[in-house]
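Coordinate analysis (summary)
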Amino acid sequence: MENTELLKSINIGNWYLKTKIVMAPMTRSFANNNTGTVGNDIVTYYRKRAKDGIGLIITEGINPSPRGKGTFGVPGLYTTSQVDAWRKVTEAVHEEGGNIVAQLWHVGRLTHHELTGGLPPQAPSVIKADGLVHRLRKPYETPEEMSLNDIKNVIQEYAMAARNAIKAGFDGVEIHGAHGYLIDQFNSEVTNKRTDEYGGDILNRLLFMKEVLHAVIQEVGQDRTIIRFSEIKDDIPGYKWTNPEVNIKALVQVFKEVGIQIIHPSTNNFTEKMASGMTFHQLVRKHWDGIIIGVGNLNTEIASKAIKDGTIDLAAFGRPLLANPDFVHKIKEGHPIKPYQAAIDLKYLK
Ligand SMILES: Cc1cc2nc3c(=O)[nH]c(=O)nc-3n(C[C@H](O)[C@H](O)[C@H](O)COP(=O)(O)O)c2cc1C
């Protein structure tokens, strides 16, 4: 059968995953907007996916601090009540034999003081993003340039959120280093014009990410920390790396230096060629022997084939899991997968 690879179990470090199917991180905005706590609706939502047989759930983006928040209803992991609320989610997922990691997400400049408790957004350089803040529908504000002290503090916030994730019972964390948010703002020549050690050539620009990963690994461990990274940026449609392999090689070099073992290259179209006739994930595989999570408009056939040919080890699905809480069951039974419809599938947690 076409999907056998996807349905096989796998051991990764201390994790036993029932299937190689991963739930991609998806912001749902159903947390309490004032307290950043998740409720029983979110417990049920994740429990359902674990029960269905998703091997690894990556949560929606979770803020390590109030200033990291970029839209309404995003949960946090920086207060005791947030940790206690998440514990109900992790217990439910574990009861169903699933695994769940917390995605830590700081939006950097992509926000507005009305979302961050009155504080101006922070970023590597004083460069305002074009466009409107998600759901607030107001222009992005000009960010403050982070001082060396601010950088130290934010790294500590990531470390604290990672520690809180473990306290809340998560199996690990994913660091959101993709899509134009804070870490990617440091990584990118577009948003990082610093003249200190955090700016300049590509390896300097990657220093912030490296220090975040280092601090998080100290709390969580090398085999329980995932890094997500991308060429795509949510605020710059069509953005392309000038020479993708240069960026990929530099990123991979840093991942090897910090000893991370699981990486999550993110694209919206898994089969799209990036350079030299190869896709993003194929280019990454050329330089990386560790675990790769594939993602980007995958279907079960493309995902199974990519696992079989060794391009990726696990396959993440986003929108299909919103439309189909019984995705794994449907694959097993050969039932059709319902197409995703944003107007319906984003409206409720089902
Ligand atoms: C509603 C929605 C919310 C998302 N939120 C996040 C997020 O919080 N963090 C993140 O890294 N990616 C986020 N993404 C991107 C997904 O993780 C995934 O990479 C993307 O949807 C492509 O996978 P798909 O084609 O299987 O949906 C989001 C996508 C959707 C549709």
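Just so it is clear, the model here is predicted, and its values are computed rather than measured.

This part is about the overall build of the protein chain. In terms of regular secondary structure, the protein chain is built from 13 helices and 14 strands. The C-alpha radius of gyration computed for the protein chain amounts to 19 Å, which stays within 12% of the reference 20 Å derived for 350 residues, consistent with globular compactness. Taking the principal axes of the C-alpha coordinates as reference, the protein chain spans close to 55 × 45 × 40 Å. Within the protein chain, the proportion of its 350 residues that are buried is 48%. Considering only contacts in the protein chain between residues 6 or more positions apart, those separated by 24 or more positions represent 71%.

As summarised here, the arrangement of the eight strands in space is 3-4-5-8-9-10-13-14, forming a closed barrel in which the pairing is parallel. Here the strands of the sheet are splayed against their neighbours by 25° on average, with no regard to which way each runs. For strand 8 (residues 172-176) and strand 9 (residues 225-230), the ladder comprises four bridges, and the chain directions are parallel. Bridging across to strand 9, Val 173 finds its partner in Thr 225.

Neighbouring the ligand are 23 residues, the closest being Ala 24, Thr 27, Gly 61, Gly 318 and Arg 319. Going through the elements one at a time, strand 4 (56-62) and helix 11 (319-323) are the ones with two or more residues in the shell around the ligand.

Here the focus is the nonpolar core. One finds Val 22, Val 173, Val 216 and Ala 315 to be the most contacted residues of the largest nonpolar core, which totals 96 residues. What Val 22 contacts, discounting residues up to four positions off in sequence, is Gly 55, Leu 56, Ile 58, Ile 293, Leu 314, Ala 315 and Ala 316.

Here we take up the pairing of strand 10 (residues 262-266). With five of its five residues buried, strand 10 lies for the most part within the structure. Going residue by residue along strand 10, you find Ile 262, His 264 and Ser 266 tucked away on one face and Ile 263 and Pro 265 tucked away on the opposite face as well. As paired elements, strand 9 and strand 10 share five bridges and run parallel to each other. Bridge assignment links Ser 230 to a residue of strand 10, and that residue is Ser 266. Following the backbone out of strand 9, through helix 8 (residues 244-258) and into the adjacent parallel strand 10, one traces a crossover that is right-handed. When strand 10 meets strand 13 (residues 291-294), the two strands line up parallel, connected through two bridges. Bridge pairing links Ile 262 to Ile 291 in strand 13.

As a further point, take helix 4 (residues 148-167). Taking 1.5 Å of rise per residue, the 20 residues of helix 4 would be expected to cover 28 Å, and the 29 Å separating its terminal C-alpha atoms lies within 8% of that figure. Looking at the buried residues of helix 4, the elements they touch are helix 3 (80-95), strand 5 (99-104), strand 8 and helix 7 (207-220).

Here we take up the UniProt feature "domain: NADH:flavin oxidoreductase/NADH oxidase N-terminal" (unreviewed entry) in the protein chain. UniProt records the feature "domain: NADH:flavin oxidoreductase/NADH oxidase N-terminal" (unreviewed entry) for residues 6-336 in the present numbering. Within residues 6-336, the helical portion is 36% and the strand portion 17%, while the C-alpha atoms at the span's ends are 16 Å from each other.

Each regular strand carries side chains that alternate between the two faces of the sheet. The alternating pattern of strand 14 (residues 314-317) places Leu 314 and Ala 316 on one face and Ala 315 and Phe 317 on the opposite face, and all of these are buried. When strand 3 (residues 21-23) meets strand 14, the two strands line up parallel, connected through three bridges. Looking at the pairing, Met 23 lines up with Phe 317 of strand 14. Where strand 13 lies against strand 14, two bridges are found, and the strand directions are parallel. Bridge pairing in strand 14 places Gly 294 opposite Ala 315. A crossover links strand 13 with its parallel partner strand 14, the connecting element being helix 10 (residues 300-308), and its sense is right-handed.

This part covers the packing of helix 7 against helix 8. Following both chains from N to C, one finds helix 7 and helix 8 inclined at 30°, their axes separated by 10 Å at the closest point. With respect to each other, helix 7 and helix 8 are oriented roughly parallel. Judged by the sense of rotation from one axis to the other, the crossing of helix 7 with helix 8 is right-handed. Contacts from Met 209, Lys 210, Leu 213, His 214 and Ile 217 in helix 7 reach Val 254, Glu 257 and Val 258 in helix 8. A class-by-class count of the residues in the contact of helix 7 with helix 8 yields five nonpolar, one polar and two charged.

Assignment of secondary structure puts Arg 67 in the loop between strand 4 and helix 3. A tally of 25 C-beta atoms within 10 Å means that Arg 67 is categorised as buried. C-alpha separation for the pair Arg 67 and Ser 147, spaced 80 residues apart in sequence, amounts to 15 Å. Aside from chain neighbours lying at most four places away, what touches Arg 67 is Thr 116, Leu 119 and Gln 122.

As a further point, take the environment of Leu 298. Relative to the assigned elements, Leu 298 resides in the loop between strand 13 and helix 10. Residue classification places Leu 298 among the buried positions, given that 23 C-beta atoms sit within 10 Å. Leu 298 sits 18 residues away from Ala 316 along the chain, and the two C-alpha atoms are 7.8 Å apart. Beyond its immediate sequence surroundings of up to four residues, Leu 298 is in contact with Phe 270, Ala 303, Ala 315 and Phe 317.

Right, let's get into unusual backbone geometry. Backbone geometry at Arg 137 places phi at a positive 60°, although glycine is not the residue there. For Arg 137, the location among the structural elements is in the loop between strand 6 (122-123) and strand 7 (144-145). Among the residues examined, Arg 137 registers 8 C-beta atoms within 10 Å and is labelled exposed.

What counts, and where the lines are drawn
- Residues numbered from 1 in each chain as written.
- Predicted model: local features only at pLDDT ≥ 70, side-chain atom pairs only at ≥ 80, totals over all residues.
- Helix = DSSP H or I, 4+ residues; strand = E, 2+ residues; numbered from the N terminus.
- Rg over C-alpha atoms; globule rule 2.2 N^0.38 Å.
- Buried ≥ 20, exposed ≤ 12 C-beta atoms within 10 Å, placed from the backbone.
- Contact = placed C-beta atoms within 7 Å.
- Pairing = 2+ DSSP bridges.
- Axes fitted to C-alpha atoms, helices over the stretch in contact; angles between N-to-C directions.
- Near = placed C-beta within 6 Å.
- Core = buried A, V, L, I, M, F, W, Y, C linked by C-beta atoms within 7 Å.
- Right-handed = clockwise from strand over helix to strand, strands pointing away.
- Expected span 1.5 Å × (residues − 1).
- UniProt positions renumbered as here; feature names shortened; annotations may be inferred.
- Parallel < 35°, antiparallel > 145°, perpendicular 65-115°, else oblique.
- Left-handed = near helix turned anticlockwise from the far one by under 90°.
- Nonpolar A, V, L, I, M, F, W, Y, C, P; charged D, E, K, R; others polar.

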